[in-house]
Amino acid sequence: MAGQTVSAPDGRKLEVCVWGDPEGAPVFWLHGTPGSRFLRHPGDSYLDHRLRVVTYDRPGYGLSTRVPGRRAADVADDVRAIADALDLDLFGVAGVSGGGPGALAATALLPDRVMRCGVVAGPAPFSADGLDFAAGMAEDEWREWQLAVDGAAALEPRWRDFRAWLEVGVPGVPADYRSIVLEASYEAGRQGSAGYIDDSLSMVDEWGFALEDVRASTQVMVARDDTTVPVAHGEWLVRRLPAAELIKVDGGHLGPRHEPELRLLGWVGHGTP
């Protein structure tokens, strides 16, 4: 792993990690909500798939400068700044869960640089027309969306619940992934609840780009038993994206699905010339 601090054009700091094969196919892997640059796949997965995987802390997480009021569309500017710093002209972008909207944003807004896109268990827009947003969603998960509508203060108890989940060892996370999730999650809270709150507010706001502008080939992966982001969300996205394919895998929101995700990242990354 190589770490680096990148300065955005407006002077903000973005903390970056690069994993895997230095000569491999470049792909951004955007973490979920909450999360940080330490979220990655275990072992030598990226070397085995000849991937150079770039992760970074979204603003307010880890060591990246907070940007209150940010939108999903703003991910594109951060991805561009990091790609420029790493001398990447062409690359793929994929995001998991809360990183999904950002992956779509970068693909829509950087059409000359993003060759392929992947979304893993990512939500549809909160205002999605024709989607029963809460159908198939656990009551507690739906409550979190409602709290985001109520604003930042309403989300603080959910942040405390998340911290409590960490303290008891992240139950529900596959054993071979647990230490990575713990590391990534503790780093997510370096600035307290800032990143989580800003992410949550951005997802109930307008994303700031049009789905029809996501013209690169896209794979949308859904988990059949996911009650955090139900399958219908991925189906809705695929119906509205110009060049999208739906992939269904077993399991819930937290997996396990290492191999399917790695196949997706390989497809996204090796789509570059």
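See the structure printed just above.
In this text the structure is predicted, and so the values were computed from the model without any measurement.

### Thoughts on the side chain of Thr228
When you line up the elements, Thr228 lands in the loop between β7 (217–223) and α8 (231–240). Within the local environment of Thr228, its side chain forms a polar contact with the side chain of Glu141, the two groups lying 3.4 Å apart. Setting aside anything within four residues of it in sequence, one finds Thr228 in contact with Met137, Glu141 and His253.

### A word on the side chain of Ser36
Relative to the helices and strands, Ser36 resides in the loop between β3 (25–30) and α1 (45–48). Here the side chain of Ser36 touches Ala184 through a polar contact of 2.8 Å, landing on its backbone oxygen. The residues touching Ser36, leaving out its near neighbours within four places in the chain, are His31, Tyr56, Asp57, Ala184, Glu187 and Ala188.

### Some details on helix α3 (residues 100–109)
Across the 10 residues that make up α3, a large majority, nine, are buried. By the burial criterion, the buried members of α3 are Gly100, Pro101, Gly102, Ala103, Leu104, Ala105, Ala106, Thr107 and Ala108.

### Some thoughts on the pairing of strand β1 (residues 2–7)
Pairing of β1 with strand β2 (residues 13–20), which is carried by six bridges, proceeds in the antiparallel orientation. When the bridges of β2 are listed, Gly3 appears paired with Cys17. Taking the residues between adjacent antiparallel strands as the criterion, β1 and β2 are bridged by five residues, where Gly11 takes a positive phi near 95°.

### Focus: the packing of aromatic side chains
How two aromatic rings sit relative to each other is given by the distance of their centres and the angle of their planes. Throughout the structure, instances matching the rule amount to 10 aromatic pairs. Members of the aromatic cluster, joined through ring pairs, are Phe126, Phe133, Trp142 and Trp145. A cation sits over an aromatic face here: Arg37 above Phe38, 4.3 Å from the ring centre.

### Some points on the nonpolar core
Considering soluble globular proteins, one finds that nonpolar side chains tend to be buried as a cluster. If you look at the biggest cluster of nonpolar residues, it comprises 48 residues, and the most contacted ones within it are Phe28, Ile82, Phe91, Leu104 and Phe209. The element that contributes the greatest number of residues to this core is helix α2 (residues 75–85), accounting for six residues. Residues Val27, Leu51, Val96 and Ala184 belong to the second largest nonpolar core, which totals 37 residues.

### Concerning the layout of surface pockets
Estimates place the volume of the largest pocket at around 1,000 Å³. Lining of the largest pocket is provided by 38 residues; of these, Thr33, Pro34, Ser97, His253 and Leu254 occupy positions nearest its centre. Taken together, the elements giving at least two residues each to the lining of the largest pocket come down to α4 (139–150), α5 (152–167), α6 (178–188), α7 (194–204) and α9 (258–269). The leading source of residues in the lining of the largest pocket is α4, at five residues. Of the residues belonging to the lining of the largest pocket, the class tally is 20 nonpolar, 11 polar and seven charged. Size it by volume and the second largest pocket reaches roughly 220 Å³. Every residue lining the second largest pocket is counted, 23 residues in all, and those nearest its centre are Arg70, Arg71, Asp74, Val75 and Asp78. In terms of residue class, the lining of the second largest pocket is made up of nine nonpolar, five polar and nine charged.

### Regarding unusual backbone geometry
The omega torsion of the bond from Thr33 to Pro34 falls at -10°, within 30 degrees of zero and hence cis. Mapped onto the elements, Pro34 comes out in the loop between β3 and α1. With an omega of 5°, the peptide bond running from Gly255 to Pro256 counts as cis. With respect to the helices, strands and loops of the structure, Pro256 is situated in the loop between β8 (244–249) and α9. The phi dihedral of Ala121 falls on the positive side, at around 55°, and the residue is not glycine. Its location among the elements puts Ala121 in the loop between β6 (114–120) and α4. Look at Ala121 and you get buried, because its relative accessible area is 4%. Despite not being glycine, Val170 shows a phi value in the positive range, around 45°. As for its position among the elements, Val170 is in the loop between α5 and α6.

Parameters and conventions
- Residues numbered from 1 in each chain as written.
- Predicted model: local features only at pLDDT ≥ 70, side-chain atom pairs only at ≥ 80, totals over all residues.
- Heavy atoms only, no water.
- Helix = DSSP H or I, 4+ residues; strand = E, 2+ residues; numbered from the N terminus.
- Polar contact = N/O pair within 3.5 Å; in protein donor to acceptor, adjacent residues only side chain to side chain.
- Contact = heavy atoms within 4.5 Å.
- Buried < 20%, exposed > 50% of the residue type's maximum accessible area, 1.4 Å probe, protein only.
- Pairing = 2+ DSSP bridges.
- Phe/Tyr/Trp six-rings, centres within 6.5 Å; stacked < 30°, edge-to-face > 60°.
- Lys NZ or Arg CZ within 6 Å of the ring centre and 35° of its normal.
- Core = buried A, V, L, I, M, F, W, Y, C linked by side-chain atoms within 4.5 Å.
- 1 Å grid on protein atoms, 1.4 Å probe; cavity = no way out; pocket = protein on both sides within 12 Å on 5 of 7 lines; lining within 4 Å.
- Points joined across faces, edges and corners; volume = space filled by probe spheres on them.
- Nonpolar A, V, L, I, M, F, W, Y, C, P; charged D, E, K, R; others polar.

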